[in-house]
Amino acid sequence: MNPFHLAIRVHDLKAARAFYGDLLGCSEGRSDTTWVDFNLMGHQLVCHLAPDTEQALHANPVDGHDVPVPHFGVVLDMASWQTLADRLTEAGIDFIIEPHIRFRGAPGEQATMFFLDPSGNPLEFKAFNDIEGQLFATGEGP
């Protein structure tokens, strides 16, 4: 699989380093005074300083929850997802959507959680019991 590259706006590089580097465990790559690269589980995430930019959140209903749009994250194996959910819970992260199983018993059943970074960027991390069969499953949700 090819890694993705995503560049996002952040209000504070120090806060971004603490969140992505310290909390999420992303190693830091190249950086400058206005941006920093992170290895987000094998993908290139670039945080660009944009201190005066406010980001409005929008949400769409999905399986009984208001899912923030846009959002990004990584699909993990179930054990890694649970480890991350436990670490974030212990760190006191204020979840937008608490860690839970979505689409239970339906195509695409998945563990998911949503939270914001310090600049208000929504993230979703999810996992499947059968990633090959469930990641791109077709059919309607419950």
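Residues numbered from 1 in each chain as written. Predicted model: local features only at pLDDT ≥ 70, side-chain atom pairs only at ≥ 80, totals over all residues. Heavy atoms only, no water.

A.B. asks: Residues and numbers for the sheet that holds strand β4 (residues 43-49), please.
C.D. replies: On the basis of which strands lie adjacent, the open sheet formed by four strands has the order β1-β4-β3-β2 and mixed pairing. Of all the strands in the sheet, just β1 (5-10) and β2 (27-31) have a single pairing partner and so form its edges. Ignoring which end each strand starts from, the neighbouring axes of this sheet average 30° apart. For β2 and strand β3 (residues 35-40), the ladder comprises three bridges, and the chain directions are antiparallel. Along β3, the bridge assignment pairs Ser31 with Val36. Contacting β1, β2, β3 and β4, helix α1 (residues 13-23) runs over the sheet at an angle of about 5° to β3. (Pairing = 2+ DSSP bridges. Helix = DSSP H or I, 4+ residues; strand = E, 2+ residues; numbered from the N terminus. Axes fitted to C-alpha atoms, helices over the stretch in contact; angles between N-to-C directions. Contact = heavy atoms within 4.5 Å.)

A.B. asks: If you had to explain the layout of surface pockets to someone new, which residues and values would you point to?
C.D. replies: Approximately 250 Å³ is the volume attributed to the largest pocket. In this structure, the largest pocket is lined by Met1, Phe4, His43, His71, Phe72, Gly73, Val74, Val75, Glu124, Lys126, Ile131 and Leu135. The residue makeup of the lining of the largest pocket, split by class, is seven nonpolar, three polar and two charged. Considering only enclosed or pocket space, the second largest pocket measures out at about 210 Å³ in volume. (1 Å grid on protein atoms, 1.4 Å probe; cavity = no way out; pocket = protein on both sides within 12 Å on 5 of 7 lines; lining within 4 Å. Points joined across faces, edges and corners; volume = space filled by probe spheres on them. Nonpolar A, V, L, I, M, F, W, Y, C, P; charged D, E, K, R; others polar.)

A.B. asks: Help me get a handle on the sheet that holds strand β10 (residues 122-127), residues and values and all.
C.D. replies: Pairing within the open sheet is mixed, and its four strands lie in the order β7-β10-β9-β8. Unpaired on one side and paired on the other, β7 (75-76) and β8 (95-102) mark the two borders of the sheet. Here β7 runs beside β10; their pairing, made up of two bridges, is parallel. Pairing of Val75 across the sheet is with Lys126, part of β10. Strands β7, β8, β9 (110-116) and β10 of the sheet are contacted by helix α2 (residues 78-90), whose axis makes an angle of about 35° with β9.

Remember that the coordinates give geometry; whether it matters functionally is a separate question.
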